[in-house]
Amino acid sequence: MERIGAHLHIRGLGLDDRLEPRDNSQGMVGQGKVRKAAGMILRMVQDDRIAGRAILFAGPPSTGKTAIALGGIAQRDKGARD
């Protein structure tokens, strides 16, 4: 039996080169301000401007915390772009 996860469609944060969120990109829709903030943090880590080891996402259920985290990981690991 193959297990299918709820976030398999996420391939990145859906940001352009200026870290502006696209309307619908890389499996992400909405949460533009949060995606931009996550992209800024990710870029600072990649540029060695901050030593990022962990980021805590907090909030009520079903607000996109896991999707943002997985998008950031995909962006970091694969350089995901549309």
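As the structure is a computational prediction, the values presented were derived from the model and not from experiment.

## Digging into the packing of helix H1 (residues 32-46) against helix H2 (residues 65-78)
Put simply, H1 and H2 touch, their axes get as near as 10 Å, and they point 35° apart. In this structure, the crossing between H1 and H2 has a hand that is right-handed. Residues Val34, Arg35, Ala38, Leu42 and Gln46 of H1 lie in contact with H2, whose contacting residues are Ile68, Gly72, Gln75 and Arg76.

## Focus on the layout of surface pockets
For the largest pocket, the calculated volume is near 420 Å³. Along the walls of the largest pocket sit 18 residues, with Ile41, Leu42, Ile55, Phe57 and Gly72 positioned nearest its centre. Of all elements in the fold, only H1 and H2 reach the threshold of two or more residues within the lining of the largest pocket. If you tally residues by element for the lining of the largest pocket, the top one is H1, at seven residues. Split into classes, the residues belonging to the lining of the largest pocket amount to 13 nonpolar, three polar and two charged.

## A short note on the pattern of salt bridges
Overall, the coordinates contain three salt bridges when judged by the stated rule. Residues aspartate 16 and arginine 18 are paired through a salt bridge, measuring 3.9 Å at the closest nitrogen-oxygen approach. We classify aspartate 16 as partly exposed; its relative accessible area is 23%. Taking the shortest distance from any N to any O, the salt bridge between lysine 36 and glutamate 20 comes out at 2.7 Å. One end of the pair, lysine 36, is in helix H1; the other, glutamate 20, is in the segment before strand S1 (24-25), with 16 residues separating them in the sequence.

## Things to note about the nonpolar core
Judged by nonpolar contacts, Ile10, Leu13, Leu15, Leu19, Met28, Ala38, Ala67 and Ile68 together constitute the single largest core of eight residues. Excluding its chain neighbours within four sequence positions, the residues that come into contact with alanine 67 are His7, Ile10 and Met28.

## Points about the side chain of arginine 35
Along the chain, arginine 35 falls in helix H1. Within the buried set, arginine 35 has no salt-bridge partner at all; the shortest N-O distance to an opposite charge, 6.4 Å, is to aspartate 23.

## A short note on the side chain of glutamine 26
Examined against the element boundaries, glutamine 26 turns out to sit in the loop between S1 and strand S2 (28-29). Taking the relative accessible area as the measure of exposure, glutamine 26 reaches 2% and is therefore buried. Separated by 3.3 Å, the side chain of glutamine 26 and the backbone nitrogen of leucine 13 make a polar contact.

Conventions we followed
- Residues numbered from 1 in each chain as written.
- Predicted model: local features only at pLDDT ≥ 70, side-chain atom pairs only at ≥ 80, totals over all residues.
- Heavy atoms only, no water.
- Axes fitted to C-alpha atoms, helices over the stretch in contact; angles between N-to-C directions.
- Helix = DSSP H or I, 4+ residues; strand = E, 2+ residues; numbered from the N terminus.
- Left-handed = near helix turned anticlockwise from the far one by under 90°.
- Contact = heavy atoms within 4.5 Å.
- 1 Å grid on protein atoms, 1.4 Å probe; cavity = no way out; pocket = protein on both sides within 12 Å on 5 of 7 lines; lining within 4 Å.
- Points joined across faces, edges and corners; volume = space filled by probe spheres on them.
- Nonpolar A, V, L, I, M, F, W, Y, C, P; charged D, E, K, R; others polar.
- Salt bridge = Lys/Arg side-chain N within 4 Å of Asp/Glu carboxyl O.
- Buried < 20%, exposed > 50% of the residue type's maximum accessible area, 1.4 Å probe, protein only.
- Core = buried A, V, L, I, M, F, W, Y, C linked by side-chain atoms within 4.5 Å.
- Lys, Arg positive; Asp, Glu negative; His and termini not counted.
- Polar contact = N/O pair within 3.5 Å; in protein donor to acceptor, adjacent residues only side chain to side chain.

Function cannot be inferred from these measures alone, as they are strictly geometric.
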